[in-house]
Amino acid sequence: MSLKLQINEDMKSAMRAKETARLGALRLLLAAIKQREVDERIELDDAAVLAVIEKQVKQRRDSVAQYEQAKREDLASAERFEIEVLSAYMPAQMSADEIDAAIDAAIAETGAAGIGKLMGPLKTKLAGRADMSLVSARVKAKLSA
């Protein structure tokens, strides 16, 4: 079953179970997926759906930071719940050691000494499995060492 169909089925089960918070998060996700399909006039595959989910999670993390800064814990906790719901569709996240190993392999493959040359191959290899801002910071630290 494709990821998009799985999300749709989970939305239906949340509707039946009257889980309003979960239902809202899944509806927003499906709306974002549909919007991208309409904008680009294509049917999204699992990789593209993962990219949409990643973007939604990143937006919610930014919102949590802003809500916490404004001392609105009620809104921040709602966003954290949505992050949990969306993260269930993401592949398992890589550990710091696995990320470092991937960075070392990319440096060995490309022989690149700059961050720009490394981030391209790393992004394709680690997409959905690691926070790319964390990867970028680790690459900078490795290159400056």
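Up top you'll find the structure we're talking about.
Note that residues are indexed from 1 along each chain, following the sequence as it is written. A pLDDT threshold of at least 70 governs which residues receive local features in this predicted model, and a stricter bar of 80 or more applies before side-chain atom pairs are shown or counted, although totals over entire chains, interfaces and linings include all residues. Side-chain measures were taken over the full set of non-hydrogen atoms in the model, leaving aside hydrogen atoms and water.

Colleague: Is there a simple way to think about the nonpolar core in this case?
Modeller: Side chains of nonpolar character tend, in soluble globular proteins, to be buried together. Nonpolar core, defined: a set of buried Ala, Val, Leu, Ile, Met, Phe, Trp, Tyr and Cys residues in which side-chain atoms within 4.5 Å join the residues together. Each residue is assigned to one of three classes by its accessible area relative to the maximum for its type, calculated with a 1.4 Å probe on protein chains only: buried under 20%, partly exposed between the two thresholds, exposed over 50%. Ranked by internal contacts, the top residues of the largest apolar core, which has 25 residues, are Leu3, Ile7, Leu26, Leu29, Ile33, Val49 and Ile53. Helical segments are the DSSP runs of H or I of at least four residues, strand segments are the runs of E of at least two, and each set is numbered from the N terminus. Counting residues per element, the ones that place at least two in this core are α1 (3-16), α2 (20-40), α3 (46-69) and α4 (73-87). For Ile53, the residues in contact, after removing those within four places along its chain, are Leu3, Ile7, Leu29, Leu86, Tyr89 and Met90. Counting residues in each nonpolar core, the second largest holds 14 residues, with Met94, Ile103, Leu118 and Met132 among its members. Contacts: residue pairs with any heavy atoms within 4.5 Å of one another.

Colleague: Even after reading the chapter, I still don't get the environment of Leu30, so can you show me in this structure?
Modeller: Mapped onto the secondary structure, Leu30 falls in helix α2. Sequence separation between Leu30 and Lys55 is 25 residues, and the spatial gap between their C-alpha atoms is 13 Å. Discounting residues that sit within four places of it in the chain, Leu30 has contacts with Lys4, Ile7, Asn8 and Met11.

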